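# A closer look at the structure
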Amino acid sequence: MRSSRMSGRAQVVSRALLLRRRAHEAAPMPQRILIAHHLLLGDTLMLTPLLKKLRTRYPDADIAMTVPTAFAPIYATKPYAVRALPFDPRHSHDALFAEAPFDLALVPGDNRYAWLAAAMRARHIVAFAGDRPAPKSWQVDELLRYPDRPAAWGDLVAQLVDGAAPSPYDPSEWRAPPFDGFEMPDAPYAVIHVGASSPLKQWLPVRWRAVAKQLDERGVVPVWSAGASETALVDAVDPKARFRSYAGRLDLAQLWHLLANARLLVAPDTGVAHLGRIVGVPTVALFGPGSALLCGAGDFWRNARYRAVSVEPFPCRDQRTLFKREIAWVRRCGRSVAECPKHLCMPAIRVATVVAAIDELIEDKP
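Here goes a summary of the coordinates provided. If you're wondering where the values come from, they're calculated on a predicted model, not measured in any experiment.

### Some thoughts on the sheet that holds strand β7 (residues 189-193)
With respect to topology, five strands assemble into an open sheet ordered β8-β7-β9-β10-β11, the strand pairing being parallel. Across the chains shown, the open sheet's two edge strands, defined by having one partner strand only, are β8 (221-225) and β11 (306-310). Taking each pair of neighbouring strands and ignoring which way they run, the sheet shows an average axis angle of 20 degrees. Of the pairings in the sheet, the one linking β7 to strand β9 (residues 264-268) comprises three bridges and is parallel in character. By the bridge assignment, Val191 is partnered in β9 with Leu265. Here helix α9 (residues 252-260) sits on the sheet in contact with β7, β8 and β9, set at roughly 135 degrees to β7. Of the strands in this sheet, β9, β10 (283-287) and β11 are in contact with helix α11 (residues 351-363), which crosses β11 at around 170 degrees.

### Some points on the nonpolar core
Within the largest apolar cluster, 65 residues are counted, with the highest numbers of intra-cluster contacts made by Leu54, Trp153, Leu259 and Leu275. Setting aside anything within four residues of it in sequence, one finds Leu54 in contact with Ile33, Ile35, Ile63, Leu106 and Val161.

### As for the pattern of salt bridges
Enumeration according to the criterion identifies 21 salt bridges in this entry. Its salt-bridge partner being Arg325, residue Asp131 comes within 4.0 Å of it at the nearest N-O pair. Taken together, the residues span a long stretch of sequence, with Asp131 in the loop between β5 (125-128) and β6 (142-144) and Arg325 in strand β13 (residues 325-326) at a distance of 194 residues. Three or more residues are tied together by salt bridges with common partners; here these are Asp110, Arg112, Asp131, Lys136 and Arg325.

### Topic: unusual backbone geometry
The peptide bond linking Ala187 to Pro188 adopts the cis configuration, its omega dihedral lying at -5 degrees. A positive phi angle, near 55 degrees, is found at Lys78, a position not held by glycine. For Lys78, a relative accessible area of 46% gives the class partly exposed. Although it is not a glycine, His343 adopts a positive phi angle of roughly 55 degrees. For His343, the position within the fold is in the loop between β13 and α11.

### Structural notes on the sheet that holds strand β3 (residues 82-87)
Strand order in the open sheet formed by six strands is β3-β2-β1-β4-β5-β6, with parallel pairing between adjacent strands. Unpaired on one side and paired on the other, β3 and β6 mark the two borders of the sheet. Across the sheet, the mean angle from the axis of one strand to that of its neighbour is 20 degrees, orientation sign disregarded. With four bridges joining them, strand β1 (residues 32-35) and strand β2 (residues 62-68) adopt parallel strand pairing. Of the residues in β2, the one forming a bridge with Leu34 is Ala64. The sheet strands contacting helix α3 (residues 48-57) are β1, β2, β3 and β4 (104-107), and the helix crosses β1 at an angle near 170 degrees.

### What about the layout of surface pockets?
Considered as a void within the structure, the second largest pocket measures approximately 270 Å³ in volume. Ranked by the residues each element gives to the lining of the second largest pocket, the list is headed by helix α1 (residues 2-19), at five residues. Tallied by class, the residues present in the lining of the second largest pocket amount to eight nonpolar, two polar and four charged.

### Some thoughts on the packing of α9 against helix α10 (residues 271-279)
At a minimum axis separation of 10 Å, α9 and α10 run at an interaxial angle of 60 degrees. In terms of orientation, α9 and α10 fall into the oblique class. Where α9 crosses over α10, the two elements pack in a sense that is right-handed. Mapping the contact onto sequence places Leu252, Leu255, Trp256, Leu259 and Ala260 in α9 and Val272, Leu275, Gly276, Ile278 and Val279 in α10. For the contact of α9 with α10, the per-class residue count stands at nine nonpolar, one polar and no charged.

Cut-offs and rules
Think of each chain on its own: its residues are numbered from 1, step by step along the sequence as written. With pLDDT at 70 or above as the cut-off, local features in this predicted model cover only qualifying residues; side-chain atom pairs require 80 or more to be listed or tallied, and sums for whole chains, interfaces and linings still use all residues. Excluded from the side-chain calculations are hydrogens and water; all other atoms, namely the structure's heavy atoms, are used. Strands were regarded as paired on the criterion that DSSP finds at least two bridges between them. Helix and strand assignments come from DSSP, with helices taken as H or I runs of at least 4 residues and strands as E runs of at least 2, each series counted from the N terminus. Axis angles are defined between N-to-C directions and span 0 to 180 degrees, where every axis is a line fitted to C-alpha atoms and, for a helix, only to the segment in contact. When checking whether two residues touch, look at their non-hydrogen atoms; a contact exists if any pair is within 4.5 Å. Definition of nonpolar core: a set of buried residues of the types Ala, Val, Leu, Ile, Met, Phe, Trp, Tyr and Cys, connected through side-chain atoms within 4.5 Å. A simple rule labels every residue: compare its accessible area, found with a 1.4 Å probe on the protein chains alone, to the largest value its type can have, and call it buried under 20%, exposed over 50%, or partly exposed in between. Counted as salt bridges are all cases of a side-chain nitrogen of Lys or Arg within 4 Å of a carboxyl oxygen of Asp or Glu. Residues are said to line a cavity or pocket when one of their atoms sits within 4 Å of a point; the points come from a 1 Å grid over protein atoms alone, cavities being sets where a 1.4 Å probe fits but cannot get out and pockets being open sets with protein on both sides within 12 Å along at least five of seven lines. Grid points are joined across faces, edges and corners, and a volume is the space filled by probe spheres set on the points. For this classification, Asp, Glu, Lys and Arg are treated as charged, while Ala, Val, Leu, Ile, Met, Phe, Trp, Tyr, Cys and Pro are nonpolar and the rest, including Gly, are polar. Geometric relationships in this document are graded by angle, where less than 35 degrees denotes roughly parallel, more than 145 denotes roughly antiparallel, 65 to 115 denotes roughly perpendicular, and other angles denote oblique. Note on convention: the crossing is left-handed when the near helix lies turned anticlockwise from the far helix by less than a right angle, right-handed when the turn is clockwise.

What follows is the structure, given as structure tokens:
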């Protein structure tokens, strides 16, 4: 796998160098726009303000965005008329290289994907400054500083494009993707997603059990959710299998529909919590090492029925880096399990606080 990934990078770098792309002035009205990245699910969904802003500013442009292949199905309905280009760094990039040249390319995360944009014949590439090491940014024509004012990352990344901020999100703007049918739970139900991108974001099984019990007592039946490699987490939370589990059984398009018909979603700060905001299901998100400011609703999702639960301030949520950029106002923790063996921030979240947020959303009917 490593050699395949390295082969893919070599293909990108060699093509970018062969094309000898030179910096061009930005086109005043670009007709073809590329967003180049390979982000995690939550970060990918947080690009939605950028998609809407681009479509508002350039209504007739052909806008395309690279997305990890597994995420492509939820973009099948082309939100904001944006084309998803499935991208896996381990595989051949011939389909991407076959695209016509782009007038403008935006790189919202890791600047290494500026090289991909150059290899795809982007004429003008814009990215955020400060990425390390410096060669990542050698293909960037315009480097922008992160704003000095604290904000959600989705709102910040929309500032890669000049102009007014996009209007607040409405779930009707993103049509549900097609999906393979599966057995839905009886309504009313709530989805409790116990998986997370890091063990440091996982909550204690006994506390998930307590939340499930509280939901059940309120007449909202809990169902479990987790990724394909996380079924053991559900087994630990519900060893007697009292409630139905969808762990490892659904793809993203199916999970969309499970959430769309749910009364509520409760999840750690992970991609599924962000998907909940896209779908429009009332969502309670639990923040441990992550920042409820950076990854919360922000301005774009200010109308969402959403509650962020976090212990603020938390003393070791003290790192100031975001995508390897040093930003003075950022407060988050990206430590590994080895660096943080005590794992204090998630256990600090109390069941009563989560249940209070749940009750607010259950009572706050649209």
